[in-house]
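Overview (structure and organization)
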Amino acid sequence: MSTELGSSAASWSRCWATLQQLYDVFVRPWAVDLPSAGGPLAISPHEELFRVPFSALVDRTVGTFLVQHYDLSLFDSARSLVHLAAAPFRLLQRDALLIGNVDMPFVRGPEGKIEQLPPLSTTQTEVDLAFEALSGGSTLSDDVTRLSGSAAEKSVVLERLRTAQVVHIATHGALRHDCDVANPHVDGCLALSRVSDGVPDDKRMAAEDFLVAGEVQELNMEDCVLVVLSACSSGAGRIHPEGVLGMPRAFRIAGARSVIATRWAVEDLGMRMFYEEWLGSDGLNGLPQCTKAQALSKAIRLFIHDHQCFENGEDAMWALRQWASIFLIGFPGDI
């Protein structure tokens, strides 16, 4: 289903029918046990079911998406949920790290040719909007760090990840075989600022220009409340009985309580709307207004309303592909 819905050639009628069928299989049998008035709904998919966009499942009796009735989140297993619930809760402080519009590194292309990843200049706007939301509308803040261009070097990023409570990374994401990481234990990577000009050799491509999952999971990020991975297919990885082995899992192993990621390539995450729902107009200067699961679900509902996602057509299909890709995984019960 992720492959079908994530394709730009996907048919609206076919996707709509599939989403209805999936609702009938996974939700309708248990609907009588779900709260009728909505509220939080945490789902623990098994293996390949992690690829299912649960928020987009359609109740054919009323013609609405599951996310319009519940504040959705995912977790790997009951064991991981118990572990997160037992971890000490961290109050939000004014400490955030935002990364975007980096000087892209080089990779080995499909034909073996070394080439530079294409720039993502629009991520500068994304980071600036996130900065404004997190800093409460201020144009300057000592508590919210923006790294772009050549500033997002790996050594700098690793150091800041140890202390930041909110992390937002907007860049290219890839699996191990896409970014030439030789370590077989690495199941995902994110492009950071290339260390120097010129074409690097294979070793430096892997070691210095990418943030890889194996390094992330070795960090101590117990103070981190949220990581947003605004990259194409940032939630992808190898399927494991207890989840997907990729970047979201690596950040949660490091201690981050929740991660927002994507199932497939998207053009617009609309994360400023999420931050405003979560933190209100004061950003990190005030207190959260609701849980992260509530904020993300509210932001998606607004997106659905604004883009008329129930009307058959290219615009509706584009909008569905954007929001249905996004998911929150981690502990759903706190801010």
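Coordinates for the structure precede this section.
Residues numbered from 1 in each chain as written. Predicted model: local features only at pLDDT ≥ 70, side-chain atom pairs only at ≥ 80, totals over all residues. Heavy atoms only, no water.

**Thoughts on the side chain of S297**
For S297, the position within the fold is in helix α10 (residues 292-306). Here S297 falls in the buried class, since its relative accessible area comes to 2%. In this structure the side chain of S297 is engaged in a polar contact, spanning 3.0 Å, whose partner is the backbone oxygen of A293. S297 has contacts with V67, Y70, D71 and L72, leaving out every residue within four places of it along the chain. (Helix = DSSP H or I, 4+ residues; strand = E, 2+ residues; numbered from the N terminus. Buried < 20%, exposed > 50% of the residue type's maximum accessible area, 1.4 Å probe, protein only. Polar contact = N/O pair within 3.5 Å; in protein donor to acceptor, adjacent residues only side chain to side chain. Contact = heavy atoms within 4.5 Å.)

**Some details on unusual backbone geometry**
The backbone phi angle of E47 is positive, close to 50°, even though this residue is not glycine. Position of E47 among the secondary structure elements: in the loop between β1 (39-43) and β2 (58-59). Even without being glycine, N101 reaches a positive phi, approximately 50°. Mapping N101 onto the fold places it in strand β5 (residues 96-102).

**Observations regarding the sheet that holds strand β10 (residues 173-174)**
The three strands are arranged β10-β11-β12 in an open sheet whose pairing can be described as antiparallel. The two strands at the open ends of the sheet, each matched to only one other strand, are β10 and β12 (210-212). Of the strand pairs in this sheet, β10 and strand β11 (residues 189-191) are connected by two bridges, and their pairing is antiparallel. Pairing of A174 across the sheet is with C189, part of β11. (Pairing = 2+ DSSP bridges.)

**Description of the pattern of salt bridges**
Within the structure shown, the criterion is met by eleven salt bridges. Where R301 meets D71, a salt bridge forms, and the shortest distance between an N and an O atom there is 2.7 Å. With a gap of 230 residues between them, R301 in helix α10 and D71 in strand β4 (residues 70-74) connect regions that are remote in the sequence. Residues participating in the shared-partner salt-bridge network are D24, R28, D59 and R60. (Salt bridge = Lys/Arg side-chain N within 4 Å of Asp/Glu carboxyl O.)

**Some words on the packing of helix α4 (residues 122-134) against helix α9 (residues 271-279)**
In the contact formed by α4 and α9, the axes pass within 9 Å of each other and the chain directions differ by 10°. Considered as vectors, α4 and α9 are oriented roughly parallel to each other. Contacts between α4 and α9 pair L129, A130, E132, A133 and L134 from the former with R272, Y275, E276 and L279 from the latter. Taken together, the residues that form the contact of α4 with α9 break down as six nonpolar, no polar and three charged. (Axes fitted to C-alpha atoms, helices over the stretch in contact; angles between N-to-C directions. Parallel < 35°, antiparallel > 145°, perpendicular 65-115°, else oblique. Nonpolar A, V, L, I, M, F, W, Y, C, P; charged D, E, K, R; others polar.)

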